[in-house]
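Residues per chain, in single letters:
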Amino acid sequence: MYLIFFRPKLNVQVKRIAAVFGFLAFMFVHWTIPYAMDKWESRPIFIEHVTGSVYTMNFQEEYELVKQELNLEKNSLRLEDFKVDYTEDGRITDLSWQLLGKNGNSYNLYQIRYDIDKNRYQVMNSQLETWLQYNQLIDAEHFFENLNVLDIKDITHAKGDFSSYVIQSTGERINYAVENRTHVVSHVVSNGEIQLLDDEQLPVEGYYISTFAMKKTGEERDDQGNITQESFEGTELSDYLFDVNFGEE
């Protein structure tokens, strides 16, 4: 604006240098520094750690480890989209979940994934203005307490011999009814004990953890007979509900 509209007659060069310097300082303060800070805060964080077998893993301790490394011990965190994939011998092939923390009028999202090849957690952090389902999400510590109640080895062997197995949860509180949960064995987890949920008790409301096996449904091979593509579907589903509210109550 100075160069376009102002034509000083005295100290022209000094004033032009001052105008350019002021413009560069403005850009540095208002754009460069915030951009650099945002990139620094959202950089990947790596947590070196060996997980071992899913059958011996203490998921609550895994959560506490991540929370401590992120300096979030004093924060109240919600959980979303937990998932672990593993084979029949207990080897984990994928493990991920998300943590949400409220920070004033905004939210901190931590996307956590375990890097199997490098034996470490990778955490991506971002700040969001809104998160509509936040109030429907379970407290993260409470989720892992209930997950630890499950005997994953017994659950897996009861499903039979399959290519792989999955344990997952959205972390959201849901209405759980028989009409949308067909061919599923349902359980209630309460005070560290697990009981079958009868269809007559449905519908109920609560948080849930789903477990199922992946059954191979097809494959494609190349001219040399090598498998190029495989397809799978979930089978032998069983759900575990907790903090359940029964309809008649």
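Structural data are supplied above this passage.
These numbers were taken from a predicted model, which means no experiment stands behind them.

Caption draft 1: Just helix H4 (residues 140-147), in detail. Those residues of H4 that fall on the buried side of the exposure criterion are Ala-140, Phe-143, Phe-144, Asn-146 and Leu-147. Down the axis, H4 shows its buried residues gathered within 160° of arc, on one side only. In this structure Asp-139 caps H4, since a side-chain oxygen of it lies 3.2 Å from the backbone nitrogen of Glu-141.

Caption draft 2: Here's a closer look at unusual backbone geometry. Going from Leu-202 to Pro-203, the amide bond is cis rather than trans, its omega being 0°. Here Pro-203 lies in the loop between strand S10 (193-196) and strand S11 (204-221). Here Asp-81, not a glycine, exhibits a phi torsion of approximately 55°, which is positive. You can see Asp-81 is positioned in strand S2 (residues 77-86). Residue classification places Asp-81 among the partly exposed positions, given a relative accessible area of 38%. Positive phi outside glycine occurs at Asn-119, with the angle close to 55°. The exposure class assigned to Asn-119 is partly exposed, which follows from its relative accessible area of 35%.

Caption draft 3: Seen up close, the nonpolar core. Counting residues in hydrophobic clusters, the biggest one holds 38 residues, and the most contacted among them are Phe-59, Phe-82, Leu-95, Trp-97, Phe-143, Phe-144 and Leu-147. Considering each element in turn, this core owes the most residues, five residues, to S2. Leaving out residues up to four positions away in the same chain, Leu-95 has contacts with Phe-59, Phe-82, Lys-83, Val-84, Ile-112, Arg-113, Tyr-114 and Tyr-121. Residues Val-188, Leu-197, Val-204 and Phe-246 belong to the second largest nonpolar core, which totals 10 residues.

Caption draft 4: Fine view of a nonpolar patch on the surface. Residues Val-20, Phe-23 and Leu-24 make up a contiguous nonpolar surface patch of about 290 Å² in total accessible area. With respect to the helices, strands and loops of the structure, Val-20 is situated in helix H2 (residues 12-41).

Caption draft 5: Highlighting the pattern of salt bridges. A full pass over the atoms with the stated rule returns four salt bridges. The salt bridge involving Arg-120 is made with Glu-48; its shortest N-O contact spans 4.0 Å. Taken together, the residues Arg-120 in strand S5 (residues 120-128) and Glu-48 in strand S1 (residues 45-48) connect sequence positions 72 residues apart. Residue Arg-120 is classed as buried on the basis of its relative accessible area, which comes to 17%. Overall, Glu-48 belongs to the exposed group, its relative accessible area being 57%. As a salt-bridge pair, Arg-173 and Glu-205 come within 3.0 Å of each other at their nearest N and O atoms. One end of the pair, Arg-173, is in the loop between strand S7 (164-169) and strand S8 (174-176); the other, Glu-205, is in strand S11, with 32 residues separating them in the sequence. Residue classification places Glu-205 among the partly exposed positions, given a relative accessible area of 30%.

Caption draft 6: Spatial organisation of the pairing of strand S12 (residues 227-246). Examined bridge by bridge, strand S9 (residues 185-190) and S12 share five bridges and lie parallel to one another. Bridge pairing in S12 places Ser-186 opposite Asp-239. The pairing of S11 with S12 spans 15 bridges and is antiparallel. Following the sheet pairing, Met-214 is matched in S12 by Gly-234. The loop that links S11 with its antiparallel partner S12 comprises five residues; one of these, Gly-225, has a positive phi angle of about 90°.

Caption draft 7: Inspection of the packing of aromatic side chains at higher detail. By the definition in use, this model includes 14 aromatic pairs. Ring centres of Trp-97 and Tyr-121 lie 5.8 Å apart, and the angle between their planes is 70°; on these two criteria the pair is classed as edge-to-face. Note that Trp-97 is positioned in strand S3 (residues 92-103) and Tyr-121 in strand S5, a separation of 24 residues in sequence. Both residues of the pair, Trp-97 and Tyr-121, belong to the buried class. Ring pairing ties together the aromatic residues Phe-59, Tyr-63, Phe-82, Trp-97, Tyr-114, Tyr-121, Phe-143 and Phe-144, which thus form one cluster. Geometry around Tyr-134 places Arg-78 over its ring, the cationic atom sitting 4.6 Å from the centre. Here the guanidinium or amino end of Arg-120 rests over the ring plane of Phe-46, the centre of that ring lying 3.9 Å away.

Cut-off values and rules
Residues numbered from 1 in each chain as written. Predicted model: local features only at pLDDT ≥ 70, side-chain atom pairs only at ≥ 80, totals over all residues. Heavy atoms only, no water. Buried < 20%, exposed > 50% of the residue type's maximum accessible area, 1.4 Å probe, protein only. Helix = DSSP H or I, 4+ residues; strand = E, 2+ residues; numbered from the N terminus. Arc of directions from axis to C-beta. Polar contact = N/O pair within 3.5 Å; in protein donor to acceptor, adjacent residues only side chain to side chain. Core = buried A, V, L, I, M, F, W, Y, C linked by side-chain atoms within 4.5 Å. Contact = heavy atoms within 4.5 Å. Patch = residues over 30% accessible without salt bridge, like charges linked within 9 Å, V, L, I, M, F, W, Y side chains within 5 Å. Areas by Shrake-Rupley, 256 points an atom, 1.4 Å probe, with all protein chains shown as cover. Salt bridge = Lys/Arg side-chain N within 4 Å of Asp/Glu carboxyl O. Pairing = 2+ DSSP bridges. Phe/Tyr/Trp six-rings, centres within 6.5 Å; stacked < 30°, edge-to-face > 60°. Lys NZ or Arg CZ within 6 Å of the ring centre and 35° of its normal.

Scope: geometric values only; no functional claims are made or implied.
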